[in-house]
Each structure stands twice: as C-alpha cells, then as structure tokens.
Amino acid sequence: TQLLEQSPQFLSIQEGENLTVYCNSSSVFSSLQWYRQEPGEGPVLLVTVVTGGEVKKLKRLTFQFGDARKDSSLHITAAQPGDTGLYLCAGVARAGSYQLTFGKGTKLSVIP
Amino acid sequence: SAVISQKPSRDICQRGTSLTIQCQVDSQVTMMFWYRQQPGQSLTLIATANQGSEATYESGFVIDKFPISRPNLTFSTLTVSNMSPEDSSIYLCSVVYRVVNTEAFFGQGTRLTVV
C-alpha cells in the first residue's frame, strides 16, 4: 500500500505570510494532485503534476513535483484569508489507474 | 469538469436505522467512488461503484453495511445500514473522467450524525 505523509497537519498564519506544505512518500507515483476543501464542500482539484521536477503556478500558489516523483510541495505566497481550508495531496500509483491515495491533509487557517 | 449533486447534504439519524445517500452526475462517467471523511481529516475510500455489477469494496468495508447501487452511468446510491454513532462522518461521492491523470470531482458531501 502506498502512503502519502503530509506535513504540517495544522498551520495557522497571519495574512501576508508565506507557507509551504509537504507531501512525501517512499513510493513513486505516476502523478500527484493537490485539492483544497472548504467546510461543507467536497475537495476541489487545484493542480496535477506529472513530470519529475515539474513546477506549476496558480496565481500565488506554486506546486512542485519531486525529481523522483515521490514527493511534492505546495507553496503559498502572501497568504490571504480566502486561502483558509483543508489542503489534500493525492497520488496515482500508475498511469491508467482510477484510484487515488490521499494524504492526511493540512488544515490551514489564515488570520486577517 | 462535472456537476455532482449529492443529497441529503446532512442528516441526523437514530442508531439502528439506515440512510441512503444519492449522487447524481450531469454527464456519463465510467468511474464513481464513495469516500468517508471525518471532519477536517483525510478521505478513506469505501468502494468503487460499478455500473451493472457489484461494487468493489476496500478493506474494512462490507456490502452488508454499505450497500451500493449503480443503475446507470450518471447515478449511484450509498446506504449506511444499521447505523451506530461510529458511522457519524462525512460521506462523499466522487467521479473520475480522465484516466490519463485521474482527476477527481466531488459532490458536496453528506454530513451524517448518528444519535
């Protein structure tokens, strides 16, 4: 069974600060995704990274896939209260598989 | 993307009763999944809902407790049977369209409280 370790589990920061969330595994993944979930809603896909070393940017969010495709990071610049939510990483074991392995999540609170 | 309607959005149920959760998708999808999530925590896959055949359950989940129907490519139900307080959780329906990157879309979830 492939596991994804996500850290930190909880993060509370002031508006305007930067932060990084990590997603690590001892296993190789075909691709890795990041989702954000707000209370009372289902997770919403933010990005998919596929290639080792890949970096994708989504406004103030920067996602990176490790060279060995075993880890990923999410960096938020100048966090805003609207960034508050549960961030989940999810990995796909092999191309063509329909199943996702989810990390335990990082609960982010951005204080105005 | 997909529009996934899940209902009810929340319910409070008596122990020993059953609740059926519905998931309706606005277009045909091959793969539908049911997850359980404790508030603020990660998702645990319950089963894959297979159209026209029995669902595929993950370890720790059984058909008698969580019967699933999938009569067509746009609709599925999950029943939580003979409920106990330990079943209190959020239940999420999910679909996957694209096999290449396995990008998932989720319903808004059903928050179940068993008293």
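Everything numeric here is computed off the predicted structure, so don't read it as measured data.

Help me understand the overall build of chain A, please; the structure alone is not making it clear to me.
Counting secondary structure elements, chain A contains zero helices and eleven strands. Seen in sequence order, chain A has helices and strands lined up from the N terminus as β-β-β-β-β-β-β-β-β-β-β. Computed over C-alpha atoms, the radius of gyration of chain A comes to 13 Å, within 12% of the 13 Å expected from 2.2 N^0.38 for 112 residues, which places it in the range of a compact globule. Here chain A holds 112 residues, and the buried ones make up 45% of them. Sequence-distant contacts in chain A: of pairs separated by 6 or more residues, those separated by 24 or more amount to 55%.

What should I look at first to understand the interface of chain B and chain A in this one?
Put simply, an interface is often sized by how much accessible area is lost when its parts join up. On the side of chain A, 22 residues touch chain B, which itself brings 22 residues to the contact. At the boundary of chain B with chain A, total buried surface from both sides reaches about 1800 Å², with 57% on carbon and sulfur atoms. For the interface between chain B and chain A, the tally reads zero salt bridges. Scanning the region where chain B abuts chain A turns up six residue pairs in polar contact (both at pLDDT 80 or more). For the side of chain B that touches chain A, the element with the most residues is strand S4 (residues 31-37) of chain B, which contributes four residues. In terms of residue class, the side of chain B that touches chain A is made up of ten nonpolar, ten polar and two charged.

How do you make sense of the sheet that holds strand S8 (residues 75-80) of chain B when you look at a structure like this?
Sheet strands pair via backbone hydrogen bonds, and the direction of the pair is either parallel or antiparallel. Residue and element names in this part refer to chain B. Strand order in the open sheet made by the four strands is S1-S3-S8-S7, with antiparallel pairing throughout. The sheet terminates laterally at strand S1 (4-7) and strand S7 (68-72), the two strands that pair on one side only. Neighbour to neighbour, the strand axes of the sheet diverge by 15 degrees on average, direction disregarded. Relative to S8, S7 runs antiparallel, the two sharing three bridges. In the strand pairing of S8, Asn-72 is matched with Phe-75.

Teacher, can you tell me more about unusual backbone geometry here?
The omega torsion of the bond from Ser-7 of chain A to Pro-8 of chain A falls at -10 degrees, within 30 degrees of zero and hence cis. Counting through the fold element by element, Pro-8 of chain A comes out in the loop between strand S1 (5-7) and strand S2 (10-14). Look at the link from Lys-7 of chain B to Pro-8 of chain B: it is a cis peptide, with omega at 5 degrees. Residue Ala-78 of chain A is not a glycine yet carries a positive backbone phi of 50 degrees. Positionally, Ala-78 of chain A belongs in the loop between strand S8 (71-76) and strand S9 (85-92). Overall, Ala-78 of chain A belongs to the partly exposed group, its relative accessible area being 30%.

Just checking my understanding: could you explain the sheet that holds strand S3 (residues 19-24) of chain A for this structure?
All names here are of chain A. In spatial order, the strands read S1-S3-S8-S7-S6; together these five strands make up an open sheet with antiparallel pairing. Strands at the two margins of the open sheet, each flanked by one partner only, are S1 and strand S6 (55-58). Here the average twist between neighbouring strands, direction ignored, is 15 degrees. Relative to S8, strand S7 (residues 61-65) is paired through five bridges, and the arrangement is antiparallel. Looking across to S8, one finds that Phe-65 is bridged to Ser-72.

About the thresholds
Residues numbered from 1 in each chain as written. Chains lettered and ligands numbered in written order. Predicted model: local features only at pLDDT ≥ 70, side-chain atom pairs only at ≥ 80, totals over all residues. Heavy atoms only, no water. Helix = DSSP H or I, 4+ residues; strand = E, 2+ residues; numbered from the N terminus. Rg over C-alpha atoms; globule rule 2.2 N^0.38 Å. Buried < 20%, exposed > 50% of the residue type's maximum accessible area, 1.4 Å probe, protein only. Contact = heavy atoms within 4.5 Å. Buried area = accessible area lost by both parts, 1.4 Å probe. Salt bridge = Lys/Arg side-chain N within 4 Å of Asp/Glu carboxyl O. Polar contact = N/O pair within 3.5 Å; in protein donor to acceptor, adjacent residues only side chain to side chain. Nonpolar A, V, L, I, M, F, W, Y, C, P; charged D, E, K, R; others polar. Pairing = 2+ DSSP bridges. Axes fitted to C-alpha atoms, helices over the stretch in contact; angles between N-to-C directions.

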